[in-house]
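Here are the chains, one letter per residue:
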Amino acid sequence: ESRSAAIPWDKFKALENIAETKDFLLQAPTGTDAYPLLLAAKAGNFAGVRQLIEVGESTRVSLTRDEWSTFFTARDGDGKNLLNYVLEKGSQSDLDHVLVEMQKHDPSGVVLEALLSNPNPVNPLTDFLSDPSQEPRYFHVMNQLLNGISMDFSDERRQKARMTILLANQERLVELANVTD
């Protein structure tokens, strides 16, 4: 987090070359998987994640809906996405913030659906549900993620997306349901 404070974010938001700023946010340097958003999240630097989102929201840059989708759905060399790192290293408030930002820039829930559909062995929800230290949060977080896709039970496509996420995690959910204390 202190590294984030060392970056002159206001100057970065005011860069004259908007195309270069968008490239910085949306593309890993050639031959790497070094997306700034994922590097910050992987390091647990959620202040940096917030600042990168603010750069994308700045009036000079103003990412489009498709660019926001690209920004949020990037994967690193390990196949992990932003949601993997938020669930692994972030606090509840970090998760809340990221979900609000995703909803703001993608009200359809398609971005969150794509992140939760990340295949095993790096499915963020599967990884989260496999971490015993997170057990007290299992139900709350899973409910929050599914509601982030849609709380509109009349929207068939979005409800199918919720079911797909549940089915992708079926094995782990059955294991959890069969645990007796």
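The paragraphs below set out a description of the structure included in this document. (Residues numbered from 1 in each chain as written. Predicted model: local features only at pLDDT ≥ 70, side-chain atom pairs only at ≥ 80, totals over all residues. Heavy atoms only, no water.)

1. Quick word on the packing of helix H7 (residues 82–89) against helix H8 (residues 92–105)
Where H7 contacts H8, the axes come no closer than 9 Å and their chain directions differ by 155 degrees. When the axis of H7 is compared with that of H8, the two are roughly antiparallel. Along the contact surface, H7 presents Leu82, Leu83, Val86 and Leu87, while H8 presents Asp94, Leu95, Val98 and Met102. (Axes fitted to C-alpha atoms, helices over the stretch in contact; angles between N-to-C directions. Helix = DSSP H or I, 4+ residues; strand = E, 2+ residues; numbered from the N terminus. Parallel < 35°, antiparallel > 145°, perpendicular 65-115°, else oblique. Contact = heavy atoms within 4.5 Å.)

2. A look at the pattern of salt bridges
It is possible for side chains of opposite charge to pair when their charged atoms get near one another. Scanning the model with the defined rule gives ten salt bridges in all. Notably, a salt bridge pairs arginine 158 with aspartate 155, separated by 4.0 Å at the nearest N-O pair. Bridged by salt links that share partners, the residues Glu57, Glu101 and Lys104 form one connected network. (Salt bridge = Lys/Arg side-chain N within 4 Å of Asp/Glu carboxyl O.)

3. Some details on the nonpolar core
Counting residues in hydrophobic clusters, the biggest one holds 42 residues, and the most contacted among them are Phe71, Leu82 and Leu145. Residue contributions to this core peak at six residues, all from helix H11 (residues 138–149). Leaving out residues up to four positions away in the same chain, phenylalanine 71 has contacts with Leu25, Leu26, Leu37, Leu52, Ile53 and Leu63. (Core = buried A, V, L, I, M, F, W, Y, C linked by side-chain atoms within 4.5 Å. Buried < 20%, exposed > 50% of the residue type's maximum accessible area, 1.4 Å probe, protein only.)

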